[in-house]
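Structural description and commentary
As a plain string of letters, each chain reads:
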Amino acid sequence: PREFSHSLGKSPEMIWTKNRSSVVDWMVWHKDLNGGGAAAAPYNLRLNGDDAQSSNGDIYGGANNVLPTSTHWTTGGNNGINESGSKFIAMLFASVDGVSSVGAYDGSASNVTVTTGFTPRFIIIKKNNGTSNWSVFDTERGLGASGDDQLIKLNSDAAQGAANTDYVNTTATGFVVNAGQSGETNGSASDKYIYYAHA
């Protein structure tokens, strides 16, 4: 395992990493994988894939499943995150009052209200306990308090979807994920979702 310092001033809640020297996947860690807390440490997702979360103690957290702290984050030796001789890029995210929110919610047969403390202008949603795309919504392409949203997927090179589905509505304090529109954003009660929202 290797320990890297950072200057966020708080513990990272989501980390994206990419090996810039080798052909390997984008790796993602999120604080709410596998139910969150200490159980999240060895879990990861692929930013360029639609896979469900998987566990590998040789990626994030290292062999001892170390969670990120306010000063450091830890990796294992997997070539996707710590290949000898390769160059990497890492992007660290944390919630900031009024600016950003890193969190999770459960799917439901009804609309789900998520509180962020601000009106988001950009939202990423991913189901983590099953196959789904990385769904992206933003105010430049229709996200708002009502109306149709043009879904675009981080892990796909497809064009954005037509503006004929109302996936997500913003509120003064967060957003509502509408029921019955897509299992990728709000499916059954057994579905678990992670999100990142920015003002």
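Quick caveat, the model's predicted, so the values are computed rather than measured. (Residues numbered from 1 in each chain as written. Predicted model: local features only at pLDDT ≥ 70, side-chain atom pairs only at ≥ 80, totals over all residues. Heavy atoms only, no water.)

Okay, the overall build of the protein next. For the protein, the count of helices and strands is 1 helix and 15 strands. Relative to a compact globule of 199 residues, whose C-alpha radius of gyration would be 16 Å, the protein shows 17 Å and is just as compact. Seen through its C-alpha atoms, the protein measures out along the principal axes to roughly 50 × 35 × 30 Å. For the protein, the residues scored as buried account for 48% of the 199 residues in total. Within the protein, contacts between residues separated by at least 24 positions form 57% of all contacts whose residues are at least 6 apart in sequence. Total accessible area on the protein is roughly 8900 Å²; 47% of this is exposed by carbon and sulfur atoms. Computed over 13 positive and 18 negative side-chain charges, the inter-centroid distance for the protein is 6 Å. (Helix = DSSP H or I, 4+ residues; strand = E, 2+ residues; numbered from the N terminus. Rg over C-alpha atoms; globule rule 2.2 N^0.38 Å. Buried < 20%, exposed > 50% of the residue type's maximum accessible area, 1.4 Å probe, protein only. Contact = heavy atoms within 4.5 Å. Areas by Shrake-Rupley, 256 points an atom, 1.4 Å probe, with all protein chains shown as cover. Lys, Arg positive; Asp, Glu negative; His and termini not counted. Charge placed at Lys NZ, Arg CZ, Asp CG, Glu CD.)

Glancing now at unusual backbone geometry. A positive phi angle is found at Asn34, which is not glycine, with a value near 55 degrees. Among the residues examined, Asn34 registers a relative accessible area of 30% and is labelled partly exposed. One non-glycine residue with positive phi stands out, namely Asn65, at about 50 degrees. Within the fold, Asn65 resides in the loop between β5 (54-55) and β6 (72-75). With relative accessibility at 37%, the residue Asn65 sits in the partly exposed group.

This paragraph deals with the nonpolar core. Proteins that are soluble and globular tend to have nonpolar side chains buried together. Counting residues in hydrophobic clusters, the biggest one holds 22 residues, and the most contacted among them are Met14, Trp16, Val28, Tyr60 and Trp134. Those elements that provide at least two residues to this core are β2 (14-19), β3 (27-30), β4 (43-46) and β15 (192-198). Excluding residues that lie within four positions of it along the chain, Trp16 makes contacts with Trp26, Met27, Val28, Leu47, Tyr60, Ile89, Ala90, Met91, Phe93, Ile124 and Leu154. Residues Val112, Val114, Ile123 and Phe175 belong to the second largest nonpolar core, which totals 16 residues. (Core = buried A, V, L, I, M, F, W, Y, C linked by side-chain atoms within 4.5 Å.)

This part covers the sheet that holds β15. The strand order β8-β15-β10-β11-β12 describes an open sheet built from 5 strands, whose pairing is antiparallel. Every interior strand has two partners, whereas the edge strands, β8 (100-106) and β12 (152-153), have only one. In terms of strand pairing, strand β11 (residues 135-138) meets β12 through 2 bridges, oriented antiparallel. Note that in β12 the partner of Ser135 across the bridge is Lys153. (Pairing = 2+ DSSP bridges.)

Pairing in this open sheet of 5 strands is antiparallel, and the strands run β5-β4-β3-β2-β7 from one edge to the other. Strands at the two margins of the open sheet, each flanked by one partner only, are β5 and β7 (88-93). Examined bridge by bridge, β4 and β5 share 2 bridges and lie antiparallel to one another. Bridge pairing in β5 links Asn44 to Ser54.

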